[in-house]
Amino acid sequence: MTVAPARDRILESAYELFSTRGIRAVGIDEVIERAAVAKATLYRHFPSKDELVLAFLRQREVVWTHGWVEAEARKRAAPAERLLAIFDLFDEWFHRADFEGCSFVNVLLETANLEHPVGRASAEHLENIRTVLRALADEAGLRSTDEFARSFHILMKGSIVQAGEGDLDAARRAKEMARDLIEKYR
C-alpha cells in the first residue's frame, strides 16, 4: 500500500472536514491529525489556514463543479436537457446521507466579507458555476445566457438551501421552475 504524499493527505483531509462541517468549525490541529502530518509539514505546504481553504475551494471546483455537476449533466442528457439534468443530480444528492450543501455558499457566508481572499474566492467559484451554466445554455440554443445563468443559479442555490432545511424534494420543485425558465429564454 502506497502512502499519498503529505500535501495530498492534507488537502484530502481538509476537503472532507471543510465540506461537511465548514471552515470555522474545523481547526488546523484536526486537519493535521486526520492527515497524519506534523504541523510544520502542513505549514510548509499551506502557510496559513486561509491558504488551505483556498486550495480546498479550488479542489471543490474540480471535484464538484466540473467533475460531478458539469460532467454528469453532459453524460446524462442531450444539450437541450442538460440544464434540467442538474436537478436530477441534485435530487439524488439531496437524498444521500452525505449531502453537505454548497461549500462555496457555506464558505462565503462563514466569511461574510468579499474583501477577504476566502470570501472573494468563494464568489469567484460561484461565478465559475455560472460560466458552466452559460455554456450549457449556449449549447441548448438559449438567448441572453448571462441573465439566464444568473436566474438558473438562484434556483440551484435555493434548492440546496431548501434541502439543507430538510426538504429533500426541493430539486424536483426547482426542476419544474427551471423548465419554465428555460422556455422563457428559448
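Relevant structure appears above.
Residues numbered from 1 in each chain as written. Predicted model: local features only at pLDDT ≥ 70, side-chain atom pairs only at ≥ 80, totals over all residues. Heavy atoms only, no water.

Draft legend 1. Spatial organisation of the layout of surface pockets. Looking at the largest pocket, its volume works out to about 190 Å³. Tyr15, Glu16, Ser19, Thr20, Arg60, Val63, Trp64, Trp68, Trp93, Arg96, Asp98 and Glu100 together form the lining of the largest pocket. Elements supplying a minimum of two residues to the lining of the largest pocket: helix H1 (6-21) and helix H4 (49-76). Looking at the lining of the largest pocket residue by residue, the class counts come to five nonpolar, two polar and five charged. (1 Å grid on protein atoms, 1.4 Å probe; cavity = no way out; pocket = protein on both sides within 12 Å on 5 of 7 lines; lining within 4 Å. Points joined across faces, edges and corners; volume = space filled by probe spheres on them. Helix = DSSP H or I, 4+ residues; strand = E, 2+ residues; numbered from the N terminus. Nonpolar A, V, L, I, M, F, W, Y, C, P; charged D, E, K, R; others polar.)

Draft legend 2. Geometry of the packing of helix H7 (residues 117-139) against helix H8 (residues 145-164). Taken N-terminus to C-terminus, the directions of H7 and H8 make an angle of 120°; their axes are 8 Å apart at the nearest point. Between H7 and H8, the interaxial angle falls into the category oblique. Seen along the crossing, H7 lies across H8 with a hand that is right-handed. Along its contact with H7, which presents Leu126, Glu127, Ile129, Arg130, Leu133, Arg134, Ala137 and Asp138, the element H8 presents Thr145, Asp146, Phe148, Ala149, Arg150, Phe152, His153, Met156 and Lys157. Taken together, the residues of the contact of H7 with H8 sort by class into eight nonpolar, two polar and seven charged. (Axes fitted to C-alpha atoms, helices over the stretch in contact; angles between N-to-C directions. Parallel < 35°, antiparallel > 145°, perpendicular 65-115°, else oblique. Left-handed = near helix turned anticlockwise from the far one by under 90°. Contact = heavy atoms within 4.5 Å.)

Draft legend 3. Representation of the environment of Ala170. On the secondary structure map, Ala170 appears in helix H9 (residues 170-184). When the C-alpha positions of Ala170 and Ser159 are compared, they lie 5.1 Å apart, and in sequence the two are eleven residues distant. Other than its neighbours up to four places away in sequence, Ala170 contacts Phe94, Ser159, Gln162 and Ala163.

Draft legend 4. Structural detail: the pattern of salt bridges. A full pass over the atoms with the stated rule returns 21 salt bridges. Notably, a salt bridge pairs Lys39 with Asp29, separated by 3.3 Å at the nearest N-O pair. Of this pair, Lys39 sits in helix H3 (residues 39-45) while Asp29 sits in helix H2 (residues 28-35); the two residues are ten residues apart in sequence, bridging distant segments of the chain. A relative accessible area of 44% places Lys39 in the partly exposed class. Here Glu127 makes a salt bridge to Arg130, at a shortest N to O gap of 3.0 Å. Taken together, the positions of Glu127 and Arg130, both in helix H7 and three residues apart, correspond to about one turn of that helix. Assessed through its relative accessible area of 24%, Glu127 is described here as partly exposed. Here Arg130 falls in the buried class, since its relative accessible area comes to 12%. Salt bridges here are not isolated pairs; linked through shared partners, they connect Glu127, Arg130, Arg134, Asp146 and Arg150. (Salt bridge = Lys/Arg side-chain N within 4 Å of Asp/Glu carboxyl O. Buried < 20%, exposed > 50% of the residue type's maximum accessible area, 1.4 Å probe, protein only.)

Draft legend 5. Structural context of empty space enclosed by the protein. Inspection of every chain in the model, using the stated rule, returns one cavity of 30 Å³ or more. Empty space within the largest cavity amounts to approximately 30 Å³. In this structure, the largest cavity is lined by Trp64, Phe90, Cys102, Leu126, Ile129, His153, Met156, Lys157 and Ile160. Counting residues per element, the ones that place at least two in the lining of the largest cavity are H7 and H8. Ranked by residues supplied to the lining of the largest cavity, first place goes to H8 with four residues. Within the lining of the largest cavity, the residues separate by chemical class into seven nonpolar, one polar and one charged.

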